[in-house]
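Summary of the model geometry
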Amino acid sequence: MYDLFCLLVEVLRISFQGYFLMWFYGQFMETRFHKYRGNRVLIVLIWVFGRTVTSVFWKTGYDPAMMQIKWLAAIVLLVLATMVLYDADWKLKLYLPVTFFAVTGISFFLGHLTMELGQVIFPFWSWCLMKGYFSSTDTFMILVHGSAITLQLIMSAVSVLLMRFGLRNIAGRYREKEYEIHRTELLFILTPGAAGLLICNLLQMLMITVEDRVPMTLYERYPGMLLLVPAILILSFFSVLSGIKIFQDMISLNREKSNRIILEKQMGNIQEHIGEMERVYGNMSSIRHDMKNHLAVLTQMLDRGTGADREEIKDYLAEIEQTVRGLEFRFRTGNTVADTILNMKYHEAVRLMPELRMEADRLVFPRDCQIQSYDIAVILCNLIDNAVEACGRISGSGPWIRLSSMERGRMFFLEAANSFDGRISITGQREFPQTDKKDREAHGMGLYNIKAAVERYEGAVDWMIEERTFILHIMMKNERKCRE
């Protein structure tokens, strides 16, 4: 009866492991057969079948060689199943099964420790039997079997809960799930899991030894291991979690540095254009000042009334018109930085797409705009660059971009809409669409840059799609914030 119960508990524990494996993989990868129903369950069936065969029916006894073969067979089976069933970079498909095995093994041995600590209950029952506290040996056997079953349940529950905690922690800390891992980075994040896997394999071989045909556990032979083994396992467990956090922080730091370099270059270009616009605005003021003189000259010419004078007047007016046209701006929002960016980006875009229509008549910035010029530049530059890139993928004519804004109290709302080809890529837990460019490390950061700038003003960014129109909504407070 006890053996049957242990078998059922083992199968149940393996089933929980299979479910967590399916969930863990689903946080990072899509299956190759996602068009078919139940495709995610395939990895569960393979895991439950493989582990049941290797753990329940493949008995190795205490032979270290057979233990190694069994251990390698389980790992190879999971890696091959991952490679075949899932569509992702091979480095990620190697990291995930190794890490899963490490977390599962560490969780099992930490759970097994609770059973070892609970073994003290059996000498106590024997002492009670010797003292005559039990009316019969049947009562003693019931307590012994009940304690064994309870310890088995506790061990399985602890191992499952620890495994769940570890896998959820890794999935949560692994924020950049679309990041393409380099080989050196793979070595960095794979090492803690591989080390934990080897520690578990070593414990599996040393946990039970046979002396004079009597099995003896590692803890019985070396009681000090009751402190040393859990310390090693806990350190290994948290090294796997910490390695992921450090890896993700490194990605964020490198990305922030790259973004800062790009933004500094953009700001340098914008400052040049702002200087040019200030010069133009100064020229416009000068022209307005001189307009009275021009009118006086024209009046005198008209008073003469000769045909030659009329031709001279026409030439004079043409020169004035040419000068005024040179000072004309297509976009006027009430903000010098915004005007500079809109005009600069528009002229850059129409050189590549002459048919592009860009409307910004309803884009007006508050007179008392408290949003810093740097953040306005970040938002508009990335916003327009993304829109122009999307318009550039449209086959045929008719690409357009439309910008508008409104103010409600201290809140400033900006909406950007643009046409696109209707294709969009959203994978995993990403908040924004994924770039189509191959070099995803250097691209696809525009919306995240916008979000970072907007959040400095207690704002938010949202997006939606209506047929073949991409719409971006930005909300932020019109309050001055100090940059960090």
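Residues numbered from 1 in each chain as written. Predicted model: local features only at pLDDT ≥ 70, side-chain atom pairs only at ≥ 80, totals over all residues. Heavy atoms only, no water.

What follows covers the overall build of the protein. Helix and strand counts for the protein stand at 13 helices and nine strands. Partitioning the contacts of the protein with sequence separation of at least 6, the portion at a separation of at least 24 is 73%. If you sum the accessible surface of the protein, you get close to 27500 Å²; carbon and sulfur atoms cover 60% of it. (Helix = DSSP H or I, 4+ residues; strand = E, 2+ residues; numbered from the N terminus. Contact = heavy atoms within 4.5 Å. Areas by Shrake-Rupley, 256 points an atom, 1.4 Å probe, with all protein chains shown as cover.)

All told, the structure shown has 19 aromatic pairs when counted by the stated rule. Here Tyr-95 and Tyr-174 contribute two aromatic rings whose centre-to-centre distance is 6.2 Å and whose plane-to-plane angle is 45°, an arrangement assigned as tilted. Taken together, the positions of Tyr-95 in helix 4 (residues 90-118) and Tyr-174 in the loop between helix 6 (137-173) and helix 7 (183-206) put the pair 79 residues apart, joining distant regions of the chain. Overall, the relative accessible area of 1% leaves Tyr-95 in the buried class. (Phe/Tyr/Trp six-rings, centres within 6.5 Å; stacked < 30°, edge-to-face > 60°. Buried < 20%, exposed > 50% of the residue type's maximum accessible area, 1.4 Å probe, protein only.)

Attention shifts here to empty space enclosed by the protein. Applying the stated criterion to the full structure yields one cavity of 30 Å³ or more. Around the largest cavity, the lining residues are Phe-365, Ile-371, Ile-376, Ile-379, Leu-380, Phe-412, Leu-414 and Met-476. Every element with two or more residues in the lining of the largest cavity is listed here: helix 12 (373-392) and strand 7 (411-419). The element best represented in the lining of the largest cavity is helix 12, accounting for three residues. Broken down by class, the residue content of the lining of the largest cavity amounts to eight nonpolar, no polar and no charged. (1 Å grid on protein atoms, 1.4 Å probe; cavity = no way out; pocket = protein on both sides within 12 Å on 5 of 7 lines; lining within 4 Å. Points joined across faces, edges and corners; volume = space filled by probe spheres on them. Nonpolar A, V, L, I, M, F, W, Y, C, P; charged D, E, K, R; others polar.)

Looking now at the environment of Ile-14. Note that Ile-14 resides in helix 1 (residues 2-26). Separated by 146 residues in the primary sequence, Ile-14 and Val-160 place their C-alpha atoms 9.3 Å from one another. In this structure Ile-14 touches Trp-47, Val-48, Arg-51, Thr-52 and Ser-55, once residues within four positions along its chain are discounted.

Following the sequence through the fold, Lys-93 ends up in helix 4. One buried charged residue, Lys-93, forms no salt bridge at all, with the nearest opposite charge on Asp-87 at 5.7 Å. Residues in contact with Lys-93, not counting those within four places in the same chain, are Met-29, Arg-32, Thr-82, Met-83, Tyr-86 and Ala-88. (Lys, Arg positive; Asp, Glu negative; His and termini not counted. Salt bridge = Lys/Arg side-chain N within 4 Å of Asp/Glu carboxyl O.)

Right, let's get into the pattern of salt bridges. Scanning all chains against the criterion turns up 11 salt bridges. Taking the shortest distance from any N to any O, the salt bridge between Asp-89 and Lys-91 comes out at 3.2 Å. Residue classification places Lys-91 among the buried residues on the basis of a relative accessible area of 7%. Across the pair Arg-410 and Asp-368 runs a salt bridge, and its minimum N-O distance is 3.5 Å. Residue Arg-410 is located in the loop between strand 6 (400-408) and strand 7, and its partner Asp-368 is located in the loop between strand 5 (357-362) and helix 12; the two are separated by 42 residues in the primary sequence. Given the relative accessible area of 38%, Asp-368 is considered partly exposed. Through salt bridges with shared partners, a single network forms among Arg-175, Lys-245 and Asp-249.

Next up on the list: helix 13 (residues 446-455). Those residues of helix 13 that sit buried are Gly-446, Leu-447, Asn-449, Ile-450, Ala-453 and Val-454. The buried residues of helix 13 occupy one face: seen down the axis, they fall within an arc of 155°. (Arc of directions from axis to C-beta.)

So, about the packing of helix 5 (residues 121-130) against helix 6. For any two helices packed against each other, one specifies the crossing angle of their axes together with the interaxial distance. Across the interface, helix 5 lies against helix 6 with an axial gap of 10 Å and an inter-helix angle of 170°. What the angle tells us is that helix 5 and helix 6 run roughly antiparallel. Contact with helix 5, carried on its side by Ile-121, Phe-122, Trp-125, Ser-126 and Leu-129, involves Phe-140, Leu-143, Val-144, Ser-147, Ala-148 and Leu-151 of helix 6 and no other residues of that element. For the contact of helix 5 with helix 6, the residue count by class is nine nonpolar, two polar and no charged. (Axes fitted to C-alpha atoms, helices over the stretch in contact; angles between N-to-C directions. Parallel < 35°, antiparallel > 145°, perpendicular 65-115°, else oblique.)

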